[in-house]
Amino acid sequence: GEVAEKALNKEADKIARILATETQHDVITARIELLDIIAYRVFEKAVAICSVLLKRLETIELTHQEIVGYPLERLQKFYTKEKIIIAVLELLQHIRYHAPEAIMDLFFAYSVYSDEAVMATFPYFGKFLEAFGKHSPELALSLVREHVDGLNGFVVALLCGALS
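Figured I'd write up the structure that's included with this text.

1. Some thoughts on the overall build of the protein chain
Helix and strand counts for the protein chain come out as 10 helices and zero strands. In the protein chain, the order of α-helices and β-strands from amino to carboxyl end is α-α-α-α-α-α-α-α-α-α. By the burial criterion, 39% of the 164 residues in the protein chain qualify as buried. Accessible surface, the protein chain: about 9,500 Å² in total, of which carbon and sulfur atoms supply 56%.

In structure tokens:
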């Protein structure tokens, strides 16, 4: 009911505040996991939070909680921005039907990302792309035109198949 919705919105706002300032990988990841749990109930806020976080990741330097006996360089190599990006893209995949246009914009933006691990998340979106193209072909075409210069072949092939 109304009380639960208010509590979920309050929690989403709290997550947004933390993700707007936090640099520690573990804390960011934990908040993404929490947002993923409630995202379908606050999907507009979730998409906005994810969008802001993805932009913020372009400029911040991640920090890592020390683990005794584990070198910092190894932590930095394993707990990367790309792992956070993957978690965000997977969260968006879970709410893809609630805000398809906004999520498609983010998806298109990361379809040209250079990291192989990030690119490996895109097959998760294949069925969504096909369904999106069949459900809203005009919108899909306008998004393709808008992003055509940056799209990779995988994305173009999925959308062309969906629109044919």
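2. Some thoughts on the packing of helix H3 (residues 43-57) against helix H5 (residues 81-94)
Two elements in contact, H3 and H5, have axes whose closest approach is 11 Å; the angle formed by their N-to-C orientations is 160°. What the angle tells us is that H3 and H5 run roughly antiparallel. Crossing geometry of H3 relative to H5 is assigned as left-handed. Taking contact as the criterion, the partners of Val47, Cys50, Leu53, Leu54 and Leu57 in H3 are, on H5, Lys81, Ile84, Ile85, Val88, Leu91 and Leu92. In terms of residue class, the contact of H3 with H5 is built from 10 nonpolar, no polar and one charged.

3. Comments concerning the nonpolar core
Ile28, Leu35, Leu53, Ile84, Val88, Leu92 and Ile95 are the most contacted members of the largest nonpolar core, which has 30 residues in total. Put simply, the parts of the chain that give this core at least two residues each are helix H1 (2-21), helix H2 (25-38), H3, H5 and helix H6 (100-110). It is H3 that contributes the most residues to this core, seven residues altogether. Excluding anything up to four places from it in sequence, Ile28 contacts Leu19, Glu22, Thr23, Leu53, Ile60, Leu62 and Ile84.

4. With respect to the packing of aromatic side chains
Under the criterion given, the structure shown has one aromatic pair. When the ring centre of Phe78 is taken as reference, the NZ or CZ atom of Lys83 above it lies at 3.8 Å.

5. Comments concerning a positive patch on the surface
There is a patch of like positive charges on the surface, built from Lys6, Lys10, Lys14 and Arg17. Counting through the fold element by element, Lys14 comes out in helix H1.

6. Some remarks on the side chain of His25
Position of His25 among the secondary structure elements: in helix H2. A relative accessible area of 4% means that His25 is categorised as buried. Excluding residues within four positions of it along the chain, His25 makes contact with Leu62, Thr63, His64, Tyr79, Thr80, Lys83 and Ile84.

7. Examining the packing of H1 against H2
Helix-helix packing is described using two parameters, namely the angle between the two axes and the distance between the axes. Remark: H1 packs on H2, axes separated minimally by 10 Å, with the N-to-C direction vectors making an angle of 155°. When the interaxial angle is binned, H1 and H2 end up roughly antiparallel. Every pair of crossing elements has a handedness; the one defined by H1 and H2 is left-handed. Only Val27, Ile28, Arg31, Leu34, Leu35 and Ile38 of H2 make contact with H1, whose side of the interface consists of Leu8, Glu11, Ala12, Ile15, Ile18 and Leu19. Residues that form the contact of H1 with H2 fall into these classes: 10 nonpolar, no polar and two charged.

8. Overview of the environment of Ile28
Structurally, Ile28 can be placed in helix H2. Distance from Ile28 to Ile15, taken between C-alpha atoms, is 9.2 Å for residues 13 residues apart in sequence.

Reading guide: rules and limits
- Residues numbered from 1 in each chain as written.
- Predicted model: local features only at pLDDT ≥ 70, side-chain atom pairs only at ≥ 80, totals over all residues.
- Heavy atoms only, no water.
- Helix = DSSP H or I, 4+ residues; strand = E, 2+ residues; numbered from the N terminus.
- Buried < 20%, exposed > 50% of the residue type's maximum accessible area, 1.4 Å probe, protein only.
- Areas by Shrake-Rupley, 256 points an atom, 1.4 Å probe, with all protein chains shown as cover.
- Axes fitted to C-alpha atoms, helices over the stretch in contact; angles between N-to-C directions.
- Parallel < 35°, antiparallel > 145°, perpendicular 65-115°, else oblique.
- Left-handed = near helix turned anticlockwise from the far one by under 90°.
- Contact = heavy atoms within 4.5 Å.
- Nonpolar A, V, L, I, M, F, W, Y, C, P; charged D, E, K, R; others polar.
- Core = buried A, V, L, I, M, F, W, Y, C linked by side-chain atoms within 4.5 Å.
- Phe/Tyr/Trp six-rings, centres within 6.5 Å; stacked < 30°, edge-to-face > 60°.
- Lys NZ or Arg CZ within 6 Å of the ring centre and 35° of its normal.
- Patch = residues over 30% accessible without salt bridge, like charges linked within 9 Å, V, L, I, M, F, W, Y side chains within 5 Å.
- Salt bridge = Lys/Arg side-chain N within 4 Å of Asp/Glu carboxyl O.
- Lys, Arg positive; Asp, Glu negative; His and termini not counted.
- Charge placed at Lys NZ, Arg CZ, Asp CG, Glu CD.

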